[in-house]
Structures are given as C-alpha cells and as structure tokens.
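Here is what each chain is made of, one letter per residue.
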Amino acid sequence: MPASRPAPALSLLPRPSKVSSLGGRLTLDRETTVRALPGAEPAADLLRSLVGRAAGLPLAAAPDGRVVLALDDRLGGLGEEGYGLTVAPQALQLRAAHLTGLLRGVQTIRQLLPAEALSGGSTATGSWELPCVEITDVPDRPWRGAMLDVARRFQPIGYLRRYVDLLALHKLNVLHLHLTDDQGWRMPVDAYPRLISVGSRRARSQKGPTGPDGAHFDAVPHEGHYTKAELRGLVRYAAERGVTVVPEIEMPGHVRAALAAYPELGNHPGRELDVWTRWGVCDTILGVHEGVFDFCRAVLEEVMDVFPSPYIHIGGEECPTTEWEESPAARERAAALGLADPAALHGWFMGRVGAFLAERGRIPLGWVENGAELPPEFTVMTWRDSSHARAAARRGHQVIAAHHRATYLDYAQSGDPAEPVAQPGAPVSLHTVHGYEPAPHDWPEADRARVLGTQAQVWTEYARTPEEIEYLSYPRLCALADRSWSGGRDDWPGFVERLRHHTARLDALGVPYRPLDARSLATATYASPSPAPSGGTARPHSSPLPHHRSGEEHS
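Now for a description of the structure that goes with this document. Since we're looking at a predicted model, the values are computed, not measured.

1. Examining the sheet that holds strand β9 (residues 174-178)
Logical step 1: Spatial strand order, β8-β9-β14-β15-β16-β17-β18-β19: eight strands in a closed barrel with parallel pairing. Pairwise comparison of adjacent strand axes, ignoring direction, gives a mean angle of 30° for this sheet.
Logical step 2: Sheet analysis places strand β8 (residues 143-149) next to β9, joined by five bridges and oriented parallel. Note that in β9 the partner of Leu148 across the bridge is Leu177.
Logical step 3: Most of the contacts of helix α16 (residues 476-486) go to strand β19 (residues 451-458), to which it runs at about 180°, and overall it touches β8 and β19.

Right under this line is the structure:
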C-alpha cells in the first residue's frame, strides 16, 4: 500500500520510510505479555507507560511474550533512531540498533492502535487490534525540534512534560527551552539568587501589539520559576521518551531581567531597572568587564550541571550595541582588543563564552543574524532569511535552519479574521510549514550535510496558556514533524489525508488545534511584509523599536 495514500489504519505521522500492509490483525489484550531482550527494557517500560496504562493493558514481562523488543547491532544501517517493526497476527517484533530507535518504534505502535487507546478512556473490551504491517523507518535529519518560550509566559513543569509527550508522539527529538529573556528569568542559579527573587517577576505585561496610540498593559503581575529538581526531572522524563532538552540562556542582549536583579552587570552599574514589561527588543545589554564573564561562567556551570545536553544555547541575537558605543569602558576594551569599533565586541563576547563551553565538552549554540557572525565552533540557528542557512553551512558551521516565515508558529495559521490574537504579520500556513526544506536538494552535498535539521518556534507574547500554545502549534507542528522526518519527499495531498485521520489522535489526547478547513488547508503563498524583520528574541515584533532602531521596518 503506497505510503502517500494510506488506509486509515496506516495513517502514520510522520510518514515512515517504508511501510507495507501484511493483511490481518493482531489483538492485544490483558493476557498479552512483553519480552524485552537485554538493553531493551527502557523501551518496554515506555510501552507500558504510554500504551498499557492508557489502553488498560498490563503488558507484563514474560520470557515467552509475543510482543518482542530487541536491540540488534546488525541493524546499524538504521542509525541512532531507525527501527524495524513487524506486526503479524500472532506476534509483534520491534528491533533497532540503538535504544532510541526502539523508543521511536513505541510511538509508531501507539499510532497503529485505535485513537481511543491513547485517551485512557473506555477499556471495557479489554482488547485492542493493530493492523498487520511491516515498517522500516529512518529519519532524514538528526535535529527535529520545537522551541518553547517560557521566559515571557511561564508554564508549569507539568505542562512541559505534556509538551514533551506530544513532541515524542510526532518523533520530534529536541525541546529547546527558552528560559531567560528581558521579561523573565526562570532557572535558579545558586550563586545569583536575585535572578529568581527579582528576575522571575514582572509587574505587568503588554496587552496585544502596539497600536497607533502606543502600548497598553494589564495590571497583573506575572511570575514563576522552576526548581533545579523540577528541571532535572524534566530532563529524565524527556530522555525516557528519546527527547533532549536544550536550555537557552540569553546573552549579551535580552538580559533585562538579569540586569534588574544585578545592575552591576550592565553598562550603567548604578542604574536601577525593572523586569521589562514590553514586547520587542530592549536596548539594555551586559557590559564587557570581567565581572560579567564571571557571571556567565557561574550561570553556565549550573546550567550544565542540570542539563546534560551536548548543546547549550546562549542566544546572541538582536543585541543593540548603543550602550557599548556610549560606554567609555566598552570603547576602551574594544580598542585594547584591536577591534574596529564597540559593535565588534559582540563576536568577541560570544566567542569567549563559546570557548568556555567548548572547554567543558559542550557545543555552543546561538542564533545568527546573517549566518556569518559567530565563531566556527558554534552550531548556529538561522532564522531571518532562508539564504543564511546556506551561508552558515559554507562557513563550515553545523546548522539548524529555522526560517521565521516557515517555522514560527506564533504567527496566525490563516487569514481568517476569527483566528485568535497572534504575532502581527502574514500568516504562516500549514502548507508553508510542510513545504519547508531546511537543506534544498539543489545545494551542494557538502553544504546539505552540515544542516542538522530544523525546529519550530513558539514565542509567547500572545500565547498565554497551554491551550493557546497548543492551538497555535497544531496541526502545523504535525507538518514540521512529517517533513523533517521524511525529508524531501513532498506529498501535500498524502499528508493532508493522513492528517485528517491523525486529528482523531489529537482529539483523544485533548489537544486543541486549528480545524482543517478551506482556510487552514489553503496552498496560497503568503508574502512576508518585511524582508528584514527585527525585534523580539530571534523573531519579528510588532512595535517600533526603542530609541536606536525606531526607524527600521518591522512586521
């Protein structure tokens, strides 16, 4: 049966590399047992947790279990995440070379079950049927992620676990957690306790985009932070599902919350600041004196202690340099370093912090404005223009391509005036997300090979609650998951057909999503209103930039 025109039972998302219908059904019931060969036990535990618990099946361990999970080093060609799954009328066998591949296969088993088996609802029958199939499945790229901004809108740790579960269902493997920004600091740092006591709370929040009569604000304080125990627990929970949590700590810009707590880290040490209540780009940035680097090292040491991710994201984007240009200390530092001007301190700053991370065996990760401004040891995230991914790859960077006009899900999903409040600008349609190619096939193979993958972004100025986050995310995150796993095999009609069946799974899991209708399924291309967006954290913004950039265009 062709993967692009599946029967409902085979409407898997993302689309497997190869799937064949064998005919017949396998029944799982309360007597079904599981045999996990050495090394496969964590996958069996996940199967019981996600499938057994919701479907009302014990899936007890047994040496003769007819559900078999096995690691097989002969399957090394499937890579870290690939797997083979065979469902026959009397048995199920899931095999992979690595544990992560088994975890991906468990999610496929979930999707082969009726959608009702995901909800933990009716289990009266005590049995569930799966279609008999043979699947071989390997992802196109190793980085398939989603970034969630919890700095602007704090979300409880329980919701982050749900967010991880939804990523894992779609075989997305990175949760990029945006923990700090001008509007809030969410991770405790023992060496700097005021980051939480001061930096995690703002007095109010901007309401909606800035209009002709200026910005409007609510009167509601916004606050929240995680404990280290909660974050370590999230890391473990995600790892059990094959998801890596990548933390982001912003520097040298987007640090207003940190400067409110410790003004001595800024360029005007005696100035008192509040945690920023506006959206957009704030022009207060870190200074370049040695106390700042002591701060950065101390913070990142504690971040690395909590997050074992190979990658540590240190932001780097949208750093107005006006304060450096006006600071005698910064000008003196630039001159002593032989830099052309104070603006060049940005690359020096990022290089120094990146080197610190590299010395400790981590890979520094940063946003780039043009693909060419970060030192070579950085893995880079490109977002402003699709050409920047190619520019960065040509320089030898490893690249995560995340063009804002295809991966930023805080834009509206359609031009329907009934859409909820979203980031101002042209919609980013479901069709656009599914059509995005992070490494186009007409690039030289050497450049394509440096693109690790892509990820979606949900900035939360206008997404206040879990329900609003999920409505903006789905089904567009389904589209990104499908294409980033399946690669260049663009099949929009086949994706839509599979998605129509997949929404039953979203319903079973209680996910609010944009309904599939003529507007959300439109294939018209929306033009970006501004070719060079600016503002926000690696994202366009809605209001005039403060002071130094107020003449620029913005979406």
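2. Considering unusual backbone geometry
Note on backbone geometry: most residues besides glycine have negative phi, and most peptide bonds are trans.
Logical step 1: Of note, the amide linkage connecting Met251 to Pro252 takes the cis form, showing an omega dihedral of -10°.
Logical step 2: Relative to the helices and strands, Pro252 resides in the loop between β14 (244-251) and α6 (256-261).
Logical step 3: Look at the link from Tyr474 to Pro475: it is a cis peptide, with omega at 10°.
Logical step 4: Relative to the helices and strands, Pro475 resides in the loop between α15 (466-473) and α16.
Logical step 5: A positive phi angle is found at Leu59, which is not glycine, with a value near 50°.
Logical step 6: Tracing the sequence through the fold places Leu59 in the loop between α1 (41-55) and β3 (60-61).
Logical step 7: Residue Glu318 is not a glycine yet carries a positive backbone phi of 45°.
Logical step 8: With respect to the secondary-structure elements, Glu318 resides in the loop between β15 (311-315) and α8 (322-326).
Logical step 9: Classification of Glu318 as buried rests on a relative accessible area of 3%.

Reading the values: the criteria
- Residues numbered from 1 in each chain as written.
- Predicted model: local features only at pLDDT ≥ 70, side-chain atom pairs only at ≥ 80, totals over all residues.
- Heavy atoms only, no water.
- Pairing = 2+ DSSP bridges.
- Helix = DSSP H or I, 4+ residues; strand = E, 2+ residues; numbered from the N terminus.
- Axes fitted to C-alpha atoms, helices over the stretch in contact; angles between N-to-C directions.
- Contact = heavy atoms within 4.5 Å.
- Buried < 20%, exposed > 50% of the residue type's maximum accessible area, 1.4 Å probe, protein only.

These values are about where atoms sit, not about what they do.
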